[in-house]
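One letter stands for each residue in the lines below.
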Amino acid sequence: MKNKEVRMSGNKGEWSELYVFMKLLSQGRVYAANEKVERIDEVNYPILKIMREEIKGRIIDYVINDKEISIEIQSDKILSVDRKEMEKQANILLKNIASHSGSFELEEIAEFANGIKVTKLKAPSADTTDISMQIKDIHTNFIRNVGFSIKSEVGNAPTLLNAGQTTNFIYKVTGLSRIQMEEINSINTRTKIKDRMFKIAELGGKIQYYDMNHTGFKRNLIMVDSSMPEIIGNMLLYYYSEDVKECDKLVNMLGDRDPLGYGDSMMYTYKFKKFLCSCALGMKPAKPWDGLDEANGGYIIVKANGEILAYHIYNRNFFEQYLLDNTALDRASTSRHEYMSLYEENNEIFMKYFKTNLRTLIVTQYAEKGLLKSATLPEDYLVNHIASSFVE
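1. Focus: the pattern of salt bridges
Argument step 1. Applying the stated criterion across every chain, the model contains 15 salt bridges.
Argument step 2. Here Lys271 makes a salt bridge to Asp225, at a shortest N to O gap of 2.6 Å. Taken together, the positions of Lys271 in helix H9 (residues 266–281) and Asp225 in the loop between helix H6 (215–224) and helix H7 (228–242) put the pair 46 residues apart, joining distant regions of the chain. The same class applies to Lys271 and to Asp225, which are both buried.
Argument step 3. Linking Lys245 and Asp243 is a salt bridge whose minimum nitrogen-to-oxygen distance equals 3.3 Å.
Argument step 4. With a relative accessible area of 17%, Lys245 lands in the buried category.

This is how it looks when you write it as structure tokens:
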């Protein structure tokens, strides 16, 4: 009878973290990626060991030797496993990840993992680090411990940041009468957001970025760049009004229209790349950000075919271009967070757009758009504000 402790359950992304752990132990190195997510053969990072801390204060080292992996606690070897066997189990795991959906258990894989002192799919972490390892720089021979964030393309597109209550962007609407606002607010089609935005423009209304609702998120964006709230605010407006999802296209629109008056389209590209990189490596809306990368090694990508590539901090330019080329806005479920509801504050009316995710695309997959909740506009206001959520 199998021990119940070997049971492990998770989704594709969580099982992918275990796959990365096992696969990297078997191959002993990780290759760098270019901006097209292609392997750079001449750039790789030899892995000396991978460290896991499933129990606080108890670090287990998985030391990679020529033919075996030595499992050690405080330099004392407790057992070993053949690297070929580790590779075999990793490949079996990959096939299972590809063939399952939702949350699932893999008893044989869990039993193997338990046998090498792994009882959790995801080692606990207070930051965005998903895997910690000791690598050697092939150019300088410098050895350092680094942490990487893991994103898997095996299955659904991974999300950089999710929508929530902390991520409201506020827009001021002018040029409309009360009757016109009632007409707009009565639109309750399946594509209500797009249709309302179109109607505002048709009636001569003007929508402008006004402010952000959450001071913490605004502060973090300003840490990236003082103009970042306005940049994202305008990008989000283009997304809702013109249904353009891809971030590279939205940045081009910013450059063409130049809402901040830079006179140089590259300014928007440069600044938004920094924002994407900050999101990927540790910045979160609700948590005060110190400007440092929590995943101080970089970003690991699990491609759909199981190949594992890394964007090391040394290759930051490739990483930033990858993020820009492969990221889009995705309107998630609209059943929570009072999506499109109205509220009154300081004698002004606000309309909430919620649930827009910043999602990394896999073969341009997008979540299906949900039906939106209806709302009614109070009759005694001629000027309103629209609050829109971007990411959390």
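Right, picking up where we left off after that structure.
2. Considering the packing of H6 against H7
Argument step 1. Relative orientation of the contacting elements H6 and H7 amounts to 105°, with a least axis distance of 8 Å. Between H6 and H7, the crossing angle belongs to the class labelled roughly perpendicular. Listed contacts from H7 to Lys218, Leu221, Ile222 and Val224 of H6 are Met228, Pro229 and Ile232.
Argument step 2. Class assignment of the residues belonging to the contact of H6 with H7 gives a composition of six nonpolar, no polar and one charged.

3. Focus on the side chain of Asp225
Argument step 1. The class for Asp225 is buried, based on a relative accessible area of 15%.
Argument step 2. In this structure the side chain of Asp225 is engaged in a polar contact, spanning 2.8 Å, whose partner is the backbone nitrogen of Ser227.
Argument step 3. Separated by 2.6 Å, the side chains of Asp225 and Lys271 make a polar contact.

4. Comments concerning the pairing of strand E2 (residues 29–33)
Argument step 1. The pairing of E2 with strand E3 (residues 39–55) spans five bridges and is antiparallel. By the bridge assignment for E3, Tyr31 is matched with Asn44.
Argument step 2. Taking the residues that link successive antiparallel strands as the turn, the E2-E3 hairpin has five residues, and the phi of Val37 there is positive, at about 60°.

So, how was this worked out
By convention here, each chain's residues receive numbers from 1 onward along its written sequence. For this predicted model, a pLDDT threshold of at least 70 governs which residues receive local features, and a threshold of 80 or more governs which side-chain atom pairs are given and counted, while totals over whole chains, interfaces and linings are taken from all residues. Side-chain descriptors were evaluated using all non-hydrogen atoms of the structure, hydrogens and water having been removed beforehand. We define a salt bridge as a side-chain nitrogen of Lys or Arg found within 4 Å of a carboxyl oxygen belonging to Asp or Glu. Strands here are runs of E lasting at least two residues and helices are runs of H or I lasting at least four, both read from the DSSP assignment and numbered beginning at the N terminus. Only protein chains enter the accessibility calculation, which uses a 1.4 Å probe. A residue is then buried if its area is under 20% of the maximum for its type, exposed if over 50%, and partly exposed in between. Axis lines are fitted to C-alpha atoms, over the contacting stretch for helices. Their N-to-C directions set the angle, which ranges from 0 to 180 degrees. If an angle is under 35 degrees, it is roughly parallel; if it is over 145, roughly antiparallel; if it lies from 65 to 115, roughly perpendicular; otherwise it is oblique. The contact definition used throughout considers only heavy atoms, calling two residues in contact when any of these lie within 4.5 Å. Asp, Glu, Lys and Arg are counted as charged, while Ala, Val, Leu, Ile, Met, Phe, Trp, Tyr, Cys and Pro are counted as nonpolar; the rest, among them Gly, fall into the polar class. Polar contacts here mean pairs of N or O atoms no more than 3.5 Å apart (in protein, one a potential hydrogen donor and the other a potential acceptor; neighbouring residues in sequence count only if both atoms are side-chain atoms). At least two bridges found by DSSP between two strands is the condition for calling them paired.

The analysis is restricted to geometry; functional conclusions fall outside its scope.
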